[in-house]
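Close look at the chain arrangement
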Amino acid sequence: MSDLIVIVYPTESKAEEVRQRLLELQKEYLIKLGDAVIATKTESGKIKLNQLMNTTATGAISGSFWGLLIGVLFLNPILGVAVGAASGAIGGALTDVGINDAFMKDLAASLHPGNGALFLLVQSITSDKVLKEIQGYGGHVLKTSLDETKEQILRDALESASKAAEPDAAKK
């Protein structure tokens, strides 16, 4: 079973920095992510999702391959590639893997413009090691599906970094 964790950062670039660090930790087998999406709200109020996987492009590539294969069988590979790419792109655009886009947009509507919300679908995690790696980035927990004890540990770790950063900001 996967857990959903949503952490808000002051900027999109800070959220991206944390996502990249988590992807590095995934290579070290400390965390396994099902999805990692950054949502931001523009000044005009529009919600933008920065997803790792572009399902439209993936669908187009896959469709091109299958279209070429079918086209070769029916002696018209160019037409097969075109039809396959188009149908694959349409199928990819309609496919939603990972975290539901509508859910992310609804939750991101409560963000302040410029903030970045990091949506994580965590399949497995070595909590103590991963928390140690990301607590220095700060952030505010917006929502989780964790039990209350684990959620409080996460909140405490992130808030301790935020409080440590506040005196530095006051000096500037």
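As a reminder, the structure under discussion sits directly above these lines.
Source: prediction; values computed, not measured.

1. Examining the environment of Lys-14
Considering the arrangement of structural elements, one finds Lys-14 in helix H1 (residues 12-27). Expressed as a C-alpha distance, the spacing of Lys-14 and Leu-118, which sit 104 residues apart in the sequence, is 9.6 Å. Contact partners of Lys-14, with chain neighbours within four places excluded, come to Tyr-9 and Tyr-137.

2. Some points on the sheet that holds strand S4 (residues 116-125)
Pairing in this open sheet of five strands is antiparallel, and the strands run S3-S2-S4-S1-S5 from one edge to the other. Looking at which strands have only one partner, the edges of the open sheet turn out to be strand S3 (47-50) and strand S5 (140-144). Across the sheet, the mean angle separating the axes of adjacent strands is 25° when strand polarity is ignored. As paired elements, strand S1 (residues 3-9) and S4 share seven bridges and run antiparallel to each other. Bridge assignment links Ile-5 to a residue of S4, and that residue is Leu-120. On top of the sheet, H1 reaches S1, strand S2 (31-41), S3 and S4; it is set at about 170° to S2, its chief contact. Helix-sheet contacts for helix H4 (residues 101-108) involve S1, S2, S3, S4 and S5, and the interaxial angle to S3 is about 130°.

3. What about the packing of aromatic side chains?
Considering all chains together, one arrives at one aromatic pair under this definition. Between Phe-103 and Phe-119, the ring centres sit 6.5 Å apart and the planes meet at 80°, which makes this aromatic pair edge-to-face. Taken together, the residues span a long stretch of sequence, with Phe-103 in helix H4 and Phe-119 in strand S4 at a distance of 16 residues. The exposure class assigned to Phe-119 is buried, which follows from its relative accessible area of 0%.

4. Section: the pattern of salt bridges
Enumeration over the complete set of coordinates arrives at six salt bridges. A salt bridge links Glu-12 to Lys-48; the nearest nitrogen and oxygen atoms lie 3.5 Å apart. Linking Glu-12 in helix H1 with Lys-48 in strand S3, this pair joins segments that are 36 residues apart in sequence. The class of Glu-12 is partly exposed, set by a relative accessible area of 25%. For the salt bridge of Glu-133 with Arg-21, the shortest nitrogen-to-oxygen distance reads 2.5 Å. A residue pair is termed long-range when its members are at least 10 positions apart, and Glu-133 in helix H5 (residues 127-134) and Arg-21 in helix H1 qualify at 112 residues. Connected via shared salt-bridge partners are Arg-21, Glu-24 and Glu-133.

The rules behind these values
Residues numbered from 1 in each chain as written. Predicted model: local features only at pLDDT ≥ 70, side-chain atom pairs only at ≥ 80, totals over all residues. Heavy atoms only, no water. Helix = DSSP H or I, 4+ residues; strand = E, 2+ residues; numbered from the N terminus. Contact = heavy atoms within 4.5 Å. Pairing = 2+ DSSP bridges. Axes fitted to C-alpha atoms, helices over the stretch in contact; angles between N-to-C directions. Phe/Tyr/Trp six-rings, centres within 6.5 Å; stacked < 30°, edge-to-face > 60°. Buried < 20%, exposed > 50% of the residue type's maximum accessible area, 1.4 Å probe, protein only. Salt bridge = Lys/Arg side-chain N within 4 Å of Asp/Glu carboxyl O.

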